[in-house]
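# Coordinate inspection notes
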Amino acid sequence: MTADPETRLRADARRNRDQILAAARVIFAAQGPEVPMEEIARSAGVGVGTLYRRFPDRDALIRAVAVDNFDRVLRDAKAAKDQESSDWDALIRLLHQSMELQLSIQLAMVSPRALAILTSDPAIKALRDELLLVMDAFVRGAQAEGRLRADVATGDVAILFATVLRQMPGKGEEVARMATRRCIGIMIDGLRAAGSNELLPGRALTGADLNPPPADYLRPGPDRV
């Protein structure tokens, strides 16, 4: 017995939406959220009209990708917490799941347009804040274990990781992946407590430091140019 037309239509619509989100996640991670919508539709294997029926504008697509991605990373982080024997091992496992975490951090920190969307949407902000809390628990736990240097905090790890995961322009995919693995390894080595011979300058950056400044700070004042 075959499914009725309405059921098939719902299944097709869901499949198209999933394909668009999957394509957008990969493209956003590599190139940022300002990529032409036509390129996303082409990568997803759907028409531009289909893309706009599912997501009426770029902001709607960014919002949907952010919700999907933060949810994925949260599930990965909670699985790492449940399955790894220490907070240090859970943190390292999460850092090595680079594609998902890369996009979460970059959407929150690198793109002003995406940052505005993420910080203005209550559901997205709640997911992002929950992810930072999970990461903060890993960081504090790893420090209590004596395996993570004591003069860093969650913001340091997030910013460092976002910097490491910037794409290498003009390089092939294989070289970029190898470079990413090596840079993550170097970063992790630098975070180990055994390697902290000198204190870092300034203070540790927390998850709160990743939030945008208050709106009045951004407005020009008599002493601001």
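Residues numbered from 1 in each chain as written. Predicted model: local features only at pLDDT ≥ 70, side-chain atom pairs only at ≥ 80, totals over all residues. Heavy atoms only, no water.

### Remarks on the overall build of the chain
Assigned secondary structure in the chain consists of eleven helices and zero strands. For the chain, the succession of helices and strands along the chain, N to C, is α-α-α-α-α-α-α-α-α-α-α. Counting over 225 residues, the chain shows a buried share of 40%. The long-range fraction of contacts in the chain, counting pairs at least 24 apart against all pairs at least 6 apart in sequence, stands at 71%. Counting only carbon and sulfur atoms, one obtains 55% of the accessible surface of the chain, whose full area is about 12700 Å². (Helix = DSSP H or I, 4+ residues; strand = E, 2+ residues; numbered from the N terminus. Buried < 20%, exposed > 50% of the residue type's maximum accessible area, 1.4 Å probe, protein only. Contact = heavy atoms within 4.5 Å. Areas by Shrake-Rupley, 256 points an atom, 1.4 Å probe, with all protein chains shown as cover.)

### Considerations on the layout of surface pockets
Here the second largest pocket defines a volume of roughly 210 Å³. Together, 14 residues line the second largest pocket, and Leu132, Asp136, Thr206, Gly207 and Ala208 are the ones closest to its centre. With eight residues, helix 8 (residues 122-144) is the single largest residue contributor to the lining of the second largest pocket. Class assignment for the residues of the lining of the second largest pocket results in five nonpolar, five polar and four charged. (1 Å grid on protein atoms, 1.4 Å probe; cavity = no way out; pocket = protein on both sides within 12 Å on 5 of 7 lines; lining within 4 Å. Points joined across faces, edges and corners; volume = space filled by probe spheres on them. Nonpolar A, V, L, I, M, F, W, Y, C, P; charged D, E, K, R; others polar.)

### Notes on the nonpolar core
In terms of nonpolar packing, the biggest core is built from 54 residues, with Ile20, Phe28, Ile40, Leu61, Val65 and Leu95 touching the most fellow members. Residue contributions to this core peak at eleven residues, all from helix 4 (residues 58-83). For isoleucine 20, the contacting residues outside a window of four places in its chain are Ile40, Ala44, Val46, Thr50, Leu51, Arg54, Phe55 and Leu61. (Core = buried A, V, L, I, M, F, W, Y, C linked by side-chain atoms within 4.5 Å.)

### Re the pattern of salt bridges
This model, assessed by the stated rule, comprises 18 salt bridges. Arginine 14 serves as the salt-bridge partner of aspartate 18, at 3.5 Å between the closest nitrogen and oxygen. Taken together, the residues aspartate 18 and arginine 14, both in helix 1 (residues 5-31) and four residues apart, mark about one turn of the helix. A salt bridge links arginine 72 to aspartate 68, with the nearest nitrogen and oxygen atoms 2.9 Å apart. (Salt bridge = Lys/Arg side-chain N within 4 Å of Asp/Glu carboxyl O.)

### Brief notes about the environment of leucine 115
Within the secondary structure, leucine 115 sits in helix 7 (residues 112-120). Separated by 96 residues in the primary sequence, leucine 115 and asparagine 211 place their C-alpha atoms 9.2 Å from one another.

### A few points about the confidence of the model for the chain
Across the chain, the average pLDDT comes to 81, with 79% of residues at or above 70. Within the chain, helix 2 (residues 37-44) carries the highest mean pLDDT (96), whereas helix 11 (residues 215-218) carries the lowest (42). Across residues 216-225, confidence stays below pLDDT 50; counting only partners more than four residues off in sequence or on other chains, it has four contacts. (pLDDT = per-residue confidence, 0-100.)

### Things to note about the side chain of threonine 50
Relative to the assigned elements, threonine 50 resides in helix 3 (residues 48-54). Given a relative accessible area of 13%, threonine 50 falls into the buried group. The residues contacting threonine 50, other than those within four sequence positions of it, are Asn16 and Ile20.

### Quick word on the environment of alanine 90
When you line up the elements, alanine 90 lands in helix 5 (residues 87-96). Classification of alanine 90 by relative accessible area gives buried; the value is 1%. For alanine 90 and aspartate 76, which are 14 residues apart along the polypeptide, the C-alpha to C-alpha distance reads 9.7 Å. If sequence neighbours within four positions are ignored, alanine 90 has contacts with Ala80, Lys81, Glu84 and Phe138.

### As for the packing of helix 4 against helix 5
Contact geometry of helix 4 with helix 5 gives a least axis separation of 8 Å together with a crossing angle of 150 degrees. As summarised for this structure, helix 4 and helix 5 are arranged roughly antiparallel, according to the angle between their axes. The hand of the helix 4/helix 5 crossing is right-handed. From helix 4, Val73, Ala77, Ala79, Ala80, Lys81 and Gln83 reach across to helix 5, where they touch Asp87, Ala90, Arg93 and Leu94. (Axes fitted to C-alpha atoms, helices over the stretch in contact; angles between N-to-C directions. Parallel < 35°, antiparallel > 145°, perpendicular 65-115°, else oblique. Left-handed = near helix turned anticlockwise from the far one by under 90°.)

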